[in-house]
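Each chain, letter by letter, is given below.
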Amino acid sequence: MNTVEDLCALIAAHITWGRGEDPQSLVPDSPLLEMGLLDSLAIMEIVAALGAEHGIALPETQIVAANFRTPAALWAVVRTAPRGAEA
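All of these numbers come straight from a predicted model, not from anything done at the bench.

Student: Got a minute to help me understand the overall build of the protein in this structure?
Tutor: Looking only at helices and strands, the protein features 3 helices and 0 strands. Secondary structure of the protein in N-to-C order comes out as α-α-α. Taken over C-alpha atoms, the radius of gyration comes to 12 Å for the protein, in line with the 12 Å a tight globule of 87 residues would show. Relative to all contacts within the protein whose residues are 6 or more apart in sequence, the contacts with residues 24 or more apart total 62%. Surface summary for the protein: the accessible area is close to 5,000 Å², and the carbon and sulfur share equals 54%. Considering the protein, the positive charge centre built from 4 side chains and the negative charge centre built from 11 side chains are found 4 Å apart.

Student: Looking at this model, I keep getting lost on the packing of helix H1 (residues 4–13) against helix H3 (residues 71–78). Mind explaining?
Tutor: When two helices pack together, their arrangement is captured by the angle between the axes and the distance separating the axes. Two elements in contact, H1 and H3, have axes whose closest approach is 10 Å; the angle formed by their N-to-C orientations is 115 degrees. Regarding the angle of H1 to H3, the classification is roughly perpendicular. As for how H1 packs across H3, the hand of that crossing is right-handed. Here Val4, Leu7, Cys8 and Ile11 of H1 come into contact with H3, specifically with Pro71, Ala72, Leu74, Trp75 and Val78.

Rules and cut-offs
Residues numbered from 1 in each chain as written. Predicted model: local features only at pLDDT ≥ 70, side-chain atom pairs only at ≥ 80, totals over all residues. Heavy atoms only, no water. Helix = DSSP H or I, 4+ residues; strand = E, 2+ residues; numbered from the N terminus. Rg over C-alpha atoms; globule rule 2.2 N^0.38 Å. Contact = heavy atoms within 4.5 Å. Areas by Shrake-Rupley, 256 points an atom, 1.4 Å probe, with all protein chains shown as cover. Lys, Arg positive; Asp, Glu negative; His and termini not counted. Charge placed at Lys NZ, Arg CZ, Asp CG, Glu CD. Axes fitted to C-alpha atoms, helices over the stretch in contact; angles between N-to-C directions. Parallel < 35°, antiparallel > 145°, perpendicular 65-115°, else oblique. Left-handed = near helix turned anticlockwise from the far one by under 90°.

Okay, here's the thing in structure tokens:
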């Protein structure tokens, strides 16, 4: 995971898109919570994917709604999160 755009792609792959919504439209400033794209299960799936696919371990204290408002907000956390061996 090297860019916020990579993170956007990961998020897009782990959320449920409604009819007429375009997964390609996810950008760093997309308001994920306001758009209703994330719920607690989707957040945990994204956290799990970050760990399994990229070796990024988000501290439990960072798994809060504020950090999932936009991909850019999450990227700020991901950039500083501990990294393990990539899967």
